[in-house]
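Topology and contacts: notes
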Amino acid sequence: MRNRYLDLLRFLAIVRVVVYHVTGWASLTLIFPAMSVMFALAGSLMAASLDRTGPPAVLRRLRRLLPSLWVLAALFVPAMLLTGLPLTPKVLLWLFPVSDPPANYWGALALSPIWYLRDYLWFVLASPLALWLFRRAPLPTLLAPYALLGAIEVGLLPNAPTVLREFGLYFGAWLLGFAHHDGLLRRIGNRILVPAVLALGTAGLVWIFTHQGPRGYDLNDIHLGNALWSAAFILVAIGRAPATAGWVDRNALFSRAVTLVNRRALTVYLWHMPFVVALTPLVGLVGWGSRDLLGLAIRVVLVFALVGVITLLFGWVEDVAARRAPQLVPGGPRRTLAERAAAAPASPAPAGAEAELVGAGARASRPAAFDPGRVPAPRRPERADTRAGVD
């Protein structure tokens, strides 16, 4: 059973990413560091998968991640080859992007979000060893990525490859996802959590305001500040995540939107940028400039509308990858705990579910929440993500 609060975080992260790419507002990266949140949620899910199945979880995670990329590549790679991209063996990186796959002049921008999958693949491959180390030395393992990034940023490792920088930038968030899954974040008392959040947040803000990038305070240009500020954000937003968020399902339309974006997070993430790139000059032609609020609002609506069409066409690939029955529009009415139990009486219940069912006559109508940080055996073998980060 899903924790709807974590679903809500993933939903907000995906929406924020799209709006940011349309508007370019640097303040959005400070208000909600979406990419770090997506990596933290994915790290929590990866730890849960490893606990359930061990190292084979790596292959299952890749199986869920790559098919949506292959659909995108099947359409865009031939188009790039026809418009100047040389046909070299590196084109095969579009099948398994452990490094940046090649792109031509327009593809490099339209397909720029591919870096997320590159990092995600590396983090998945590293997770069995990283989780083993984390559970034997949690604090040193957690601090290692931040120390690595700090060394790179102050010039101690001037020729560090991209993969090392990305591990320093986002793997700390992934490890915080491990800590969430293991319940460590929940067990941290406020006497430790509050000073840690204040210290990380202050250090992050100081670095951000003293090391502005070409886009001002955009965290994408300020790596160390991004990592520190994001860590503080995750400690609060995920470390103090409620066990349930039943209010998400009180409005049927909003509930379905949250479910839809979670089940189609990868499709939305991969496909939104081509539409952003294509629509920017087209909308500008009719007089709605990039600094015009009306023009920006129209672009946001158009991008989401076009992504919605693509989701109808190709979103079902995520269902197939997750070995679910394909659906055009997922997110139907949510069933109560009693209805779920009646529909699948032979399914193993998550740990602690017995307590939920005691005296359930008055409570059975409430949606049950699953906290991946406390329940190592959810009903389904895999959970849709985000996502984003996407998973």
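Quick look at the structure, then.

Time to look at the overall build of the protein. Looking only at helices and strands, one finds 18 helices and zero strands in the protein. Here the protein holds 391 residues, and the buried ones make up 51% of them. On the protein, roughly 17700 Å² of surface is accessible, and the fraction owed to carbon and sulfur atoms is 70%.

All right, on to the pattern of salt bridges then. What the rule picks out here adds up to 14 salt bridges. Among the ionic pairs, R263 bridges to D319, the shortest N-O distance being 3.7 Å. Note that R263 is positioned in helix 12 (residues 252-263) and D319 in helix 15 (residues 316-321), a separation of 56 residues in sequence. Note on R263: relative accessible area 18%, which makes it buried.

Interhelical geometry of helix 3 (residues 34-53) versus helix 11 (residues 223-237) gives an angle of 55° and a closest axis separation of 9 Å. In this view, helix 3 runs oblique relative to helix 11, as classed from their interaxial angle. Helix-helix and strand crossings are classified by hand; for helix 3 and helix 11 the assignment is right-handed. Across from S36, V37 and A40 in helix 3, the residues of helix 11 making contact are N226, S230, F233 and I234. Of the residues that constitute the contact of helix 3 with helix 11, the class distribution is four nonpolar, three polar and no charged.

Viewed as axis vectors pointing N to C, helix 7 (residues 138-153) and helix 11 meet at an angle of 155°, and their least axial separation amounts to 9 Å. Between helix 7 and helix 11, the interaxial angle falls into the category roughly antiparallel. The two elements helix 7 and helix 11 cross, and the hand of that crossing is left-handed. Contact residues: Y146, L149, G150 and E153 in helix 7; H223, L224, A227 and A231 in helix 11. Among the residues making up the contact of helix 7 with helix 11, the classes are represented as five nonpolar, two polar and one charged.

Moving on: a nonpolar patch on the surface. The grouping of W70, L92, L95, F96, W122 and L125 at the surface amounts to a nonpolar patch, some 570 Å² of accessible area in total. Its location among the elements puts W70 in helix 4 (residues 56-82).

Next up on the list: the environment of H272. Tracing the sequence through the fold places H272 in helix 13 (residues 265-285). Every residue in contact with H272, bar those within four places of it in the chain, is listed here: V17, V18, H21, P113, V303 and V307.

Reported here for the largest pocket is a volume of approximately 750 Å³. Y20, H21, W115, R215 and N220 are the residues nearest the centre of the largest pocket, which is lined by 34 residues in total. Listed by contribution, the elements that provide at least two residues to the lining of the largest pocket are helix 1 (4-23), helix 3, helix 6 (114-136), helix 8 (162-181), helix 11 and helix 13. Sorting elements by how many residues they give to the lining of the largest pocket places helix 1 first, with six residues. Taken together, the residues of the lining of the largest pocket sort by class into 16 nonpolar, eleven polar and seven charged.

For the rest of this paragraph, the subject is helix 1. Compared with an ideal rise of 1.5 Å per residue, which puts 20 residues at 28 Å, helix 1 spans 28 Å between its outermost C-alpha atoms and is within 8% of the ideal. Within helix 1, 17 of the 20 residues are buried, which leaves it mostly tucked inside the rest of the structure.

Reading the values: rules and limits
Residues numbered from 1 in each chain as written. Predicted model: local features only at pLDDT ≥ 70, side-chain atom pairs only at ≥ 80, totals over all residues. Heavy atoms only, no water. Helix = DSSP H or I, 4+ residues; strand = E, 2+ residues; numbered from the N terminus. Buried < 20%, exposed > 50% of the residue type's maximum accessible area, 1.4 Å probe, protein only. Areas by Shrake-Rupley, 256 points an atom, 1.4 Å probe, with all protein chains shown as cover. Salt bridge = Lys/Arg side-chain N within 4 Å of Asp/Glu carboxyl O. Axes fitted to C-alpha atoms, helices over the stretch in contact; angles between N-to-C directions. Parallel < 35°, antiparallel > 145°, perpendicular 65-115°, else oblique. Left-handed = near helix turned anticlockwise from the far one by under 90°. Contact = heavy atoms within 4.5 Å. Nonpolar A, V, L, I, M, F, W, Y, C, P; charged D, E, K, R; others polar. Patch = residues over 30% accessible without salt bridge, like charges linked within 9 Å, V, L, I, M, F, W, Y side chains within 5 Å. 1 Å grid on protein atoms, 1.4 Å probe; cavity = no way out; pocket = protein on both sides within 12 Å on 5 of 7 lines; lining within 4 Å. Points joined across faces, edges and corners; volume = space filled by probe spheres on them. Expected span 1.5 Å × (residues − 1).

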